[in-house]
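Tertiary structure, described
Each chain, written out:
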Amino acid sequence: MRKTYRRTMKRAIIEGTSYAPVGDIYDFFMDFENYVKYSEYVDDIRVVENGDHPEWEMDFRWWVIRYTTRSKLVDYEENEYIEWKVTKDVDIHGRWEFEKVSDEETEVRLEIMYDPKGATKVNPLSFLPTERLIQVARPVADRHVSKVLRRVADEIEGEPRKVDYTIRPGGTEGEDEFLALVPEEKLEDTT
């Protein structure tokens, strides 16, 4: 059952195709410790609570930013979806959805619900004007997302390929500092 979130929450949806069986994709994303292998900005991942709904910590670093986030598995259905939430400092909920297209092709969708103002709690660069911070971070974010997607595709599909991505705002209105990090050519126009 889908949860309803407060009106202040924003939504972003990333969709793509993976050329691998749905079970392989699901197993990959359920192994949270995999995430450290694909990002140079993730230093470590630790499972801090096991069980049906494990909780894990992830250490990030970028430039002068050092931060440890804590997330928890909320709900899942094998080969269908994985739902998680961040449990420390910021209000972020995510849901991976997997749809089998054929034995070797799976549609993958990530829906993220977030409070865009919550990131200021953990941003040590808040002294910089937001516009300048976005200008500095935008190309880094784009290169990083593209590199992570290529590495994940290589791991799951068994060979490297270029992976393009777009992000679709899901009914967002007003200022959104998170989506401002997405290069305009990667942001799908929903108007």
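Analysis parameters
Residues numbered from 1 in each chain as written. Predicted model: local features only at pLDDT ≥ 70, side-chain atom pairs only at ≥ 80, totals over all residues. Heavy atoms only, no water. Phe/Tyr/Trp six-rings, centres within 6.5 Å; stacked < 30°, edge-to-face > 60°. Helix = DSSP H or I, 4+ residues; strand = E, 2+ residues; numbered from the N terminus. Buried < 20%, exposed > 50% of the residue type's maximum accessible area, 1.4 Å probe, protein only. Lys NZ or Arg CZ within 6 Å of the ring centre and 35° of its normal. Contact = heavy atoms within 4.5 Å. Polar contact = N/O pair within 3.5 Å; in protein donor to acceptor, adjacent residues only side chain to side chain. pLDDT = per-residue confidence, 0-100. Pairing = 2+ DSSP bridges.

Here we come to the packing of aromatic side chains. Evaluated as defined, the whole model comprises four aromatic pairs. Between tyrosine 26 and phenylalanine 98, the aromatic rings sit 6.0 Å apart at their centres with planes inclined by 85°, giving edge-to-face as the arrangement. Linking tyrosine 26 in helix H1 (residues 22-30) with phenylalanine 98 in strand E6 (residues 92-102), this pair joins segments that are 72 residues apart in sequence. Exposure class is identical for tyrosine 26 and phenylalanine 98. Each is buried. Put simply, the rings of Tyr26, Phe28, Phe29, Trp96 and Phe98 pair up and form one aromatic cluster. It is arginine 95 that lies over the ring of tyrosine 81; its NZ or CZ is 3.9 Å from the centre.

A few words now on the environment of arginine 70. By secondary structure assignment, the location of arginine 70 is in strand E4 (residues 65-77). Residue classification places arginine 70 among the partly exposed residues on the basis of a relative accessible area of 24%. A sequence separation of 17 residues divides arginine 70 from threonine 87, and the C-alpha atoms of the two residues are 5.6 Å apart. Once residues within four sequence positions are removed from consideration, arginine 70 is found in contact with Val48, Glu55, Trp56, Glu57, Lys85, Val86, Thr87 and Lys88. For arginine 70, the side chain forms a polar contact with the side chain of glutamate 55, separated by 2.7 Å.

This part is about the confidence of the model for the chain. Per-residue confidence for the chain gives a mean pLDDT of 75, with 66% of residues at or over 70. In the predicted structure, residues 124-130 sits below a pLDDT of 50 and forms ten contacts with residues beyond four places in sequence or in another chain.

If you trace the backbone, glutamate 83 turns up in strand E5 (residues 81-86). Among the polar contacts listed, one links the side chain of glutamate 83 to the side chain of arginine 95, at a separation of 3.2 Å.

Turning our eyes to something else, we now look at unusual backbone geometry. In the Ramachandran plot, asparagine 79 falls in the positive-phi region, its phi being about 65° despite a non-glycine side chain. Here asparagine 79 shows up in the loop between E4 and E5. Under the relative-accessibility criterion, asparagine 79 is labelled partly exposed at 27%.

Moving on to the pairing of strand E3 (residues 55-62). Pairing analysis gives six bridges linking strand E2 (residues 42-49) to E3, with the strands arranged antiparallel. Within the sheet, the bridge partner assigned to valine 42 lies in E3 and is phenylalanine 60. Following E2, the chain reverses through five residues before pairing antiparallel with E3; glycine 51 in that reversal takes a positive phi of roughly 115°. Bridge count for E3 against E4 is eight bridges, and the pairing is antiparallel. Within the sheet, the bridge partner assigned to tryptophan 62 lies in E4 and is isoleucine 65.

On to the pairing of strand E7 (residues 105-114). Taken residue by residue, a regular strand's side chains alternate between the two faces of the sheet. Burial analysis of E7 places eight of its ten residues in the buried class, which makes it a mostly covered element. In this structure, strand E1 (residues 10-18) lies alongside E7, joined through nine bridges in antiparallel fashion. Bridged to threonine 17 within E7 is glutamate 107. As paired elements, E6 and E7 share ten bridges and run antiparallel to each other. Each bridged residue has a counterpart across the sheet, and for histidine 93 the counterpart in E7 is methionine 113. The loop that links E6 with its antiparallel partner E7 comprises two residues.

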